[in-house]
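Chain and residue survey
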Amino acid sequence: MLRRFLVTSLKRILFLLLLICLGCSAQPAPADLAQRIDRQLRSSYSVPATVKIVLSPLRPSDFPNYDAITVTFDGDGRKQDYEFLLSKDQKTLIRMTKMDLSKDPFAETMNKIDIKGRPVRGNANAKVVVVNYDDFQCPYCSRVHATLFPELLKEYGDRIAFIYKDFPLTEIHPWAIHAAVDANCLAAQNADAYWDFADSTHANRQIISAEKGLDNQFAELDRNAVAEAAKFHLDPDKLQACVKYQKDEAVKASMKEGEALGVSGTPTMFVNGQMVDGARPADEFRAVFDSALKQAGVAAPVHPAPPVSAAPATGLTAQPAAAAH
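Residues numbered from 1 in each chain as written. Predicted model: local features only at pLDDT ≥ 70, side-chain atom pairs only at ≥ 80, totals over all residues. Heavy atoms only, no water.

**A short note on the overall build of the protein chain**
Here is the rule we go by: Strands here are runs of E lasting at least two residues and helices are runs of H or I lasting at least four, both read from the DSSP assignment and numbered beginning at the N terminus. Any two residues whose heavy atoms approach within 4.5 Å at even a single point are treated as in contact. To measure how exposed things are, a 1.4 Å probe is used in the Shrake-Rupley method; for residues, cover is taken only from the protein chains shown.
Looking only at helices and strands, the protein chain has 11 helices and 10 strands in total. Within the protein chain, contacts between residues separated by at least 24 positions form 65% of all contacts whose residues are at least 6 apart in sequence. Accessible area for the protein chain stands at about 20,400 Å²; split by element, carbon and sulfur atoms hold 56% of it.

Structure (structure tokens):
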């Protein structure tokens, strides 16, 4: 009986000690401190009143004289957590970003991109892989496509693998997903047919959009896909069935994958995992490609010299500059 009493008493004591320890390691921020943090964050980050700021209990950090606190921004149906450090005297708040230098963030990004079975332009065995999330109806995508092919492909084709993934912006580009499905129907039989269709669709984007009605636009895309099938001697029945069925699961999976990587618009490119978004001039792409090649231990190609623009003729004779007084 005495033994049972002692065991029960010991369990209660241990439970109370546990509660005390938890209370020591996870203390809620006092109301006045919470208010000061709220005001500072709203001022520093222009947080609107519609966004709620929620503070976690204070907890020990890895840094002497600082506690750790998680700040949650809750608004517009989204929640985002950010880690901060709070000095023990509660006078200093520091935004903390902890980076694990043992991991390569670019490599981890590339590991999240599924490129299995995707058509490749350039060197399929290259150490530098460029993955571009593309929308066939996007004007900026068409501009980048024209820059990549043939201009940059001629320079980097033996050093880089170029791969497209689908990211049609369906809310503003109604025929983009249909074009992606048609392109994938061609890719299932022949990679060159896929790229030829991509070239044609980007080059003739305005012509397709000029067709009256969405059904006519779809029909134009399908006619182009069938023409590519004939050009590359593909199985016409298989192609027709694929185009008619419009199976879009792979396209939607690519869109979901892109969203998980932070893709929010097109074009968005990943060069060995480094994100490069937007339509950029060729020289900017060259700088990114050359950097990736250098990191991979591959020599960059010799780039063509920029064209020399002749000075406009004015009919005036240049005079020496006057000395400053």
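On we go.
**A few points about the state of the cysteines**
Basically, it comes down to this: Throughout, disulfides are identified as pairs of cysteine sulfur atoms within 2.5 Å of each other. Each residue is placed in one exposure class: buried if its accessible area under a 1.4 Å probe, protein chains only, is under 20% of its type's maximum, exposed if it is over 50%, and partly exposed if it falls in between.
For the coordinates displayed, the defined rule picks out 1 disulfide. Each sulfur of the disulfide joining Cys185 and Cys242 lies 2.0 Å from the other. Between Cys185 and Cys242, the S-S torsion sits near -80°, and that sign places the bridge as left-handed. Taken together, the positions of Cys185 in helix α5 (residues 176-187) and Cys242 in helix α9 (residues 236-245) put the pair 57 residues apart, joining distant regions of the chain. Residue class for Cys185 comes out buried when judged on its relative accessible area of 2%. On the basis of relative accessibility, which here comes to 30%, the residue Cys242 falls in the partly exposed class. Between Cys138, a cysteine without a disulfide, and Cys141, which holds the nearest cysteine sulfur, the sulfur-to-sulfur distance is 3.2 Å.

**Here's the deal with the packing of aromatic side chains**
Heads up, the rule is: When two rings of Phe, Tyr or Trp (its six-membered ring) have centres within 6.5 Å they constitute a pair, described as stacked for plane angles under 30 degrees, edge-to-face for angles over 60, and tilted for the intermediate range. Criterion for a charge above a ring: Lys NZ or Arg CZ within 6 Å of the ring centre, and within 35 degrees of the ring normal.
Counted under the stated rule, the structure contains 12 aromatic pairs. An angle of 70° between the planes, with centres 5.1 Å apart, marks the rings of Tyr164 and Trp195 as edge-to-face. Here Tyr164, found in strand β8 (residues 160-166), pairs with Trp195, found in helix α6 (residues 191-203); they are 31 residues apart in sequence, far enough to count as distant. Trp195 carries the same exposure label as Tyr164, and that label is buried. Against the face of Phe149 rests Arg121, its NZ or CZ located 4.6 Å from the ring centre.

**Quick word on the side chain of Ser87**
This is how it is decided: In the analysis that follows, any N or O atom pair within 3.5 Å is treated as a polar contact, provided that within protein one partner can donate a hydrogen and the other can accept it, and provided that, for residues neighboring in sequence, both atoms belong to side chains.
Along the polypeptide, Ser87 turns up in strand β4 (residues 78-87). Here Lys91 takes part through its backbone nitrogen, which lies 3.2 Å from a polar atom of the side chain of Ser87. Setting aside residues up to four positions removed in sequence, Ser87 forms contacts with Asn65, Tyr66 and Thr92.

**Some thoughts on the nonpolar core**
Stated formally: In this text, buried Ala, Val, Leu, Ile, Met, Phe, Trp, Tyr and Cys residues form a nonpolar core when linked through side-chain atoms within 4.5 Å.
Ranked by size, the top nonpolar core spans 55 residues in total, and within it Leu148, Met269, Val271 and Phe289 carry the most contacts. Not counting chain neighbours up to four residues away, the residues in contact with Met269 comprise Val130, Val131, Asn132, Val144, Leu148, Gln274, Met275, Val276, Phe285 and Phe289.

**Structural notes on the environment of Ala300**
Looking at the secondary structure, you find Ala300 in the segment after α11 (282-295). Owing to a relative accessible area of 35%, Ala300 belongs among the partly exposed residues under this scheme. As a C-alpha pair, Ala300 and Arg159 span 141 residues in sequence and 8.1 Å in three-dimensional space. When sequence neighbours within four positions are dropped, the list of residues in contact with Ala300 reads Arg159, Asp290 and Leu293.

**A short note on the confidence of the model for the protein chain**
Where we set the bar: Every residue gets a pLDDT, meaning the predictor's confidence in that residue, from 0 to 100.
On average, residues of the protein chain carry a pLDDT of 89, and 86% of them reach 70 or more. In this model, residues 14-25 is a region of pLDDT below 50 whose contacts with residues beyond four sequence positions or in other chains number 3 contacts. Predicted confidence is poor over residues 315-325, with pLDDT under 50, and the contacts of this stretch with residues over four places away or in other chains come to 0 contacts.

**Looking at the side chain of Asp222**
For clarity, the cut-off: Counted as positive: Lys and Arg. Counted as negative: Asp and Glu, with His and the chain ends omitted from the count. The term salt bridge refers to a pairing of a side-chain nitrogen on Lys or Arg with a carboxyl oxygen on Asp or Glu at a separation within 4 Å.
Following the sequence through the fold, Asp222 ends up in helix α8 (residues 214-231). This buried residue, Asp222, is left without a salt bridge; Arg223 holds the nearest opposite charge, at 8.1 Å. Among residues more than four places away in sequence, those in contact with Asp222 are His178, Asp182, Val243 and Gln246.

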